Amino acid sequence: MKFFIDTANLNDIKEANDLGILDGVTTNPSLMAKEGITGEQNILNHYVAICNIVDGPVSAEVIATDFEGMVREGELLAALHKNIVVKIPMIPEGIKAIKYFSGKGIKTNCTLIFSAGQALLAAKAGATYISPFLGRLDDVSTNGLELIAQIRTIYDNYTFDTEILAASVRHPMHIIHCAEIGSDVMTGPLSAIKALAKHPLTDLGLQQFLADHAKGNK
Ligand code: E4P
C-alpha cells in the first residue's frame, strides 16, 4: 500500500519524506488555508515547493466548479511539475473534466467520494485515483471502511485501473484496516503515520537492551 501524507505543511512533509516511506502528498484548499497559503501565485509556488521535497504524486485541487474552469485550472496545475495530480470534486462537471484530462494523459484524483456509485462513475471517466473520505463517513456514523471494501470489490470485478486512495484517515487503525481491505493508497496526517511505529513493549525492550549493554560494558 502506498503512503501519502495529507497536509500542506512543509515541515511535516519533510519529516515523513525523511522516514523514507513516503510515496506522495495530498492537499486540499482547507489544508492550504491552514498553512496561511493564499493568493493564486503563492498557492502555485507552494505546490512546486512540495514537489521539490517529495518524488511522487502531489494532488493539487481545482477551485472552479464548472467544466471550462476546471480544465483551465487543471492544465495550469499540471504544467507546474510532472508529479502534479489534478484533484477534482465528484460533481457532474467534475466527471466531464476527469474524462477530458484522462484523454490528455493528465492524472486526476477524484475527491469527496462518499458512495460506491460515485466511485464507479469516476473510474468510468478514467480517474487515476479516487478519494473516499473514511473519517468523515465515520463522523456521521457510517462505516467508511465498508465503503472502501465495496469499492475494492467493484473495481476488481471489472479490473478498473483507478486506484483507491483512502482519504480522511485519522488514526493508525484506519491505516491497518485499509491495508487489510487492499486499498491501493492511504493518505493521512503525520501523526497517524508515526503512530504505526509506536509500541510500549518496543520502548521497554529497547530500554532493557541498552541498560544491559551499559552494565556489561562498565
Ligand atoms: C483528501 O484528500 C482530503 O484532503 C482529506 O483526506 C480530508 O481529510 P479530513 O476529513 O481529515 O479533513
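Our structure is the block above this text.
Predicted, not measured: the structure shown is a model, and the values here were computed from it.

A count of helical and extended segments in the protein gives 11 helices and eight strands. With respect to the three principal axes, the spread of C-alpha positions in the protein is 75 × 40 × 30 Å. Within the protein, the fraction of its 218 residues that count as buried is 44%. In the form shown here, the protein has an accessible surface area of approximately 11,000 Å², with 55% of it arising from carbon and sulfur atoms. Side chains of the protein carry 18 positive and 24 negative charges; the gap between the two charge centres is 2 Å.

Moving on: the sheet that holds strand β1 (residues 2–6). Read around the closed barrel, the eight strands follow the order β1-β2-β3-β4-β5-β6-β7-β8; overall the barrel is parallel. Strand-to-strand twist of the sheet, defined as the mean angle between neighbouring strand axes without regard to direction, takes the value 30°.

Most of strand β4 (residues 84–89) is tucked away: six of the six residues are buried. Every second residue of β4 is oriented toward a common face, with Ile 84, Val 86 and Ile 88 on one face and Val 85, Lys 87 and Pro 89 on the other, all of them buried. Pairing between strand β3 (residues 58–61) and β4: four bridges, direction parallel. Paired with Glu 61 across the strands is Lys 87, a residue of β4. The parallel pair β3 and β4, bridged by helix α4 (residues 67–78), forms a crossover whose chirality is right-handed.

Every residue near the ligand is listed here: Asp 6, Asn 28, Lys 87, Phe 133, Arg 136, Ala 167, Ser 168 and Arg 170. Note that an oxygen atom of the ligand is positioned 2.6 Å from one of the side-chain N or O atoms of Ser 168. Within the side chain of Arg 170, an N or O atom sits 3.0 Å from an oxygen atom of the ligand. Calculation on the ligand without its partners gives an accessible area of 340 Å², and the protein chains cover 86% of this total. In terms of residue class, the shell around the ligand is made up of two nonpolar, two polar and four charged.

Packing of helix α5 (residues 92–104) against helix α6 (residues 116–125) leaves a shortest axis separation of 8 Å and a crossing angle of 30°. As summarised for this structure, α5 and α6 are arranged roughly parallel, according to the angle between their axes. Contacts between α5 and α6 pair Ile 95, Ile 98, Lys 99 and Ser 102 from the former with Leu 121, Ala 122, Lys 124 and Ala 125 from the latter. Among the residues making up the contact of α5 with α6, the classes are represented as five nonpolar, one polar and two charged.

Moving on, we come to the side chain of Glu 163. By the element assignment, Glu 163 lies in strand β7 (residues 163–166). Judged by its relative accessible area of 19%, Glu 163 falls in the buried class. In this structure Glu 163 touches Lys 2, Thr 128, Tyr 129, Ile 130, Asp 184 and Val 185, once residues within four positions along its chain are discounted.

This brings us to the environment of Tyr 129. Among the secondary structure elements, Tyr 129 is positioned in strand β6 (residues 129–132). Along the backbone, Tyr 129 and His 46 are 83 residues apart, and their C-alpha atoms lie at a distance of 22 Å. Once residues lying within four places of it in the same chain are set aside, the contact partners of Tyr 129 are Phe 4, Pro 57, Val 85, Thr 108, Asn 109, Cys 110, Thr 162, Glu 163, Leu 165 and Val 185.

Definitions and cut-offs
- Residues numbered from 1 in each chain as written.
- Predicted model: local features only at pLDDT ≥ 70, side-chain atom pairs only at ≥ 80, totals over all residues.
- Heavy atoms only, no water.
- Helix = DSSP H or I, 4+ residues; strand = E, 2+ residues; numbered from the N terminus.
- Buried < 20%, exposed > 50% of the residue type's maximum accessible area, 1.4 Å probe, protein only.
- Areas by Shrake-Rupley, 256 points an atom, 1.4 Å probe, with all protein chains shown as cover.
- Lys, Arg positive; Asp, Glu negative; His and termini not counted.
- Charge placed at Lys NZ, Arg CZ, Asp CG, Glu CD.
- Pairing = 2+ DSSP bridges.
- Axes fitted to C-alpha atoms, helices over the stretch in contact; angles between N-to-C directions.
- Right-handed = clockwise from strand over helix to strand, strands pointing away.
- Near = heavy atom within 4 Å.
- Polar contact = N/O pair within 3.5 Å; in protein donor to acceptor, adjacent residues only side chain to side chain.
- Nonpolar A, V, L, I, M, F, W, Y, C, P; charged D, E, K, R; others polar.
- Parallel < 35°, antiparallel > 145°, perpendicular 65-115°, else oblique.
- Contact = heavy atoms within 4.5 Å.

Remember, this is a structural readout, not a statement about activity or role.
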